[in-house]
Amino acid sequence: MTGEPGTDAGAMTPIGERRWPMALAVVATGLLRLALPQQLRDHDARWVFLALIVILLVALLVGDPGRIDREKRWLRVLTSVLIAVITLVNASAAIRLVVAIVDGSQFTNDAKLLLGSGAAVWLTNVIAFALWYWDLDRGGAAARAHDDGPSPAFIFPEMLNPDYAPKGWIPTFPDYFFLAFSTATAFSPTDTVAVKTWAKFVMMAEESISLVVALLVVARAVNILK
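In this report, the structure presented in the accompanying data block is examined.

Parameters at a glance
For every chain, the first residue of its written sequence is number 1, and the numbers climb from 1 along that sequence. Residue-level local features of this predicted model are given only where pLDDT is at least 70; pairs of side-chain atoms are given and counted only at 80 or more, and the full residue set underlies all totals for whole chains, interfaces and linings. Here the side-chain values reflect all heavy atoms present in the structure, with hydrogen atoms and water set aside. Pairing of aromatic rings covers Phe, Tyr and Trp, the last counted by its six-membered ring, and requires centre-to-centre distances within 6.5 Å; plane angles under 30 degrees mean stacked, over 60 mean edge-to-face, and any other angle means tilted. Per the convention used, a helix needs a DSSP run of H or I reaching at least four residues, while a strand needs a run of E reaching at least two, with both numbered from the N terminus. The classification of residues rests on relative accessible area computed with a 1.4 Å probe and restricted to protein chains. Under 20% of the type maximum is buried, over 50% is exposed, and intermediate values are partly exposed. Here a cavity denotes grid points, spaced 1 Å and computed from the protein atoms alone, that fit a 1.4 Å probe unable to get out, and a pocket denotes an open set having protein on both sides within 12 Å along at least 5 of 7 lines; residues with an atom within 4 Å of a point are the lining. Grid points are joined across faces, edges and corners, and a volume is the space filled by probe spheres set on the points. Each residue is assigned to one class: nonpolar for Ala, Val, Leu, Ile, Met, Phe, Trp, Tyr, Cys and Pro, charged for Asp, Glu, Lys and Arg, and polar for all the others, Gly among them. To get an axis, a line is fitted to the C-alpha atoms, and for a helix only the part in contact is used. The angle between two axes follows their N-to-C directions and goes from 0 to 180 degrees. For classification purposes, angles smaller than 35 degrees are called roughly parallel, those larger than 145 roughly antiparallel, those between 65 and 115 roughly perpendicular, and all remaining angles oblique. In this scheme the crossing of two helices becomes right-handed for a clockwise turn of the near helix relative to the far one and left-handed for an anticlockwise turn of less than a right angle. Note on contacts: a residue pair is in contact if any heavy atoms of the two residues lie within 4.5 Å.

Moving on, we get to the packing of aromatic side chains. For the structure on display, the rule yields 10 aromatic pairs. Measuring from ring centre to ring centre gives 6.3 Å for F129 and Y133, while their planes differ by 45°; the resulting arrangement is tilted. On the criterion of helical spacing, the pair formed by F129 and Y133 is a turn pair, its members being four residues apart in helix α4 (residues 111-136). Residues F129 and Y133 agree in their burial class; the two are buried. Judged by centre distance (6.0 Å) and plane angle (85°), the rings of F154 and W198 are edge-to-face. Residue F154 is located in strand β2 (residues 154-155), and its partner W198 is located in helix α8 (residues 197-225); the two are separated by 44 residues in the primary sequence. By relative accessible area, W198 is classed as partly exposed at 30%.

Taken as a whole, this structure holds one cavity of 30 Å³ or more when the rule is applied. Taken as a whole, the largest cavity spans an internal volume of roughly 60 Å³. Lining the largest cavity are T29, R33, L36, F49, I86, V89, N90, A93, A120, V121 and T124. Within the residue set of the lining of the largest cavity, elements represented by two or more residues are α1 (20-34), α3 (73-103) and α4. Here the element with the most residues in the lining of the largest cavity is α3; it accounts for four residues. Across the lining of the largest cavity, the residue classes break down as seven nonpolar, three polar and one charged.

Next up on the list: the packing of α3 against α4. Two numbers describe how α3 lies on α4: the axes approach to 9 Å, and their chain directions differ by 150°. Here α3 is positioned roughly antiparallel relative to α4, judged by the angle of their axes. In this structure, α3 meets α4 at a crossing whose hand is left-handed. Across from R76, T79, S80, I83, A84, I86, T87, N90, A93, A94, L97 and I101 in α3, the residues of α4 making contact are L114, G118, V121, T124, N125, A128, L131, W132, W134 and D135.

Taken as a whole, the largest pocket encloses approximately 190 Å³ of empty space. Lining the largest pocket are 17 residues, and of these I68, R70, L75, R76 and A142 sit closest to its centre. Secondary structure elements with two or more residues in the lining of the largest pocket: α3, α4 and α5 (141-146). For the lining of the largest pocket, the residue count by class is seven nonpolar, three polar and seven charged. The volume enclosed by the second largest pocket comes to roughly 150 Å³. Looking at the lining of the second largest pocket element by element, the count peaks at six residues for α3. Along the lines of polarity and charge, the residues of the lining of the second largest pocket split into nine nonpolar, four polar and no charged.

Moving on, we get to the packing of α1 against helix α2 (residues 48-63). Each pair of packed helices can be described by the angle between their axes along with the distance between the axes. At a closest axis distance of 9 Å, the pairing of α1 and α2 adopts a crossing angle of 170°. Between α1 and α2, the crossing angle belongs to the class labelled roughly antiparallel. Each of M22, A23, V26, V27, T29, G30, L31, R33 and L34 in α1 lies in contact with α2, whose residues at this interface are F49, L50, I53, L57 and L60. Class assignment of the residues belonging to the contact of α1 with α2 gives a composition of 11 nonpolar, two polar and one charged.

Here it is, written out as structure tokens:
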């Protein structure tokens, strides 16, 4: 996992984490949606979702350019709206995929198309939950940079083993992405522990969605390949 100090060692002023890992993940969700067949998308233009999240992302970049360190309420609200849009749109695709498999829709007879669609929905789900973990833990990235947010919801190994982490280490988006990916693949906590109730329930939700999507897609694909 990766992380970076929350303060400049010389000036001892908050610097915040870089925006680009989070921004890259957001854009990836738009590209993954483009890969979905029409049956799993609403009757919208193929580029509408990507355009919408890019507009929201640009608004965040304008409001908080450079490193993420501005604690403004409207920035937090806009970030939550962006993540909610990604989550709801992908939830719609996941539900459509499950229903299509259960009903035996025509497009689910193509194993390659089915596996590709399932992978896109699954990976988007991982990114969405990584964004939620990143945005909710300790009041968000800006609050973590200033170290003035609530107590941690997740205990990372770097916190328990400070000798193996840079001085002033704080989790950044790649760390939360690793947490979300591990949760989706292992269906249980790995090296990072949730210590707040809301975090445990959010992880349970991610595990449940990942399990259902993975089991149904793989089972249907295996049945087709037989």
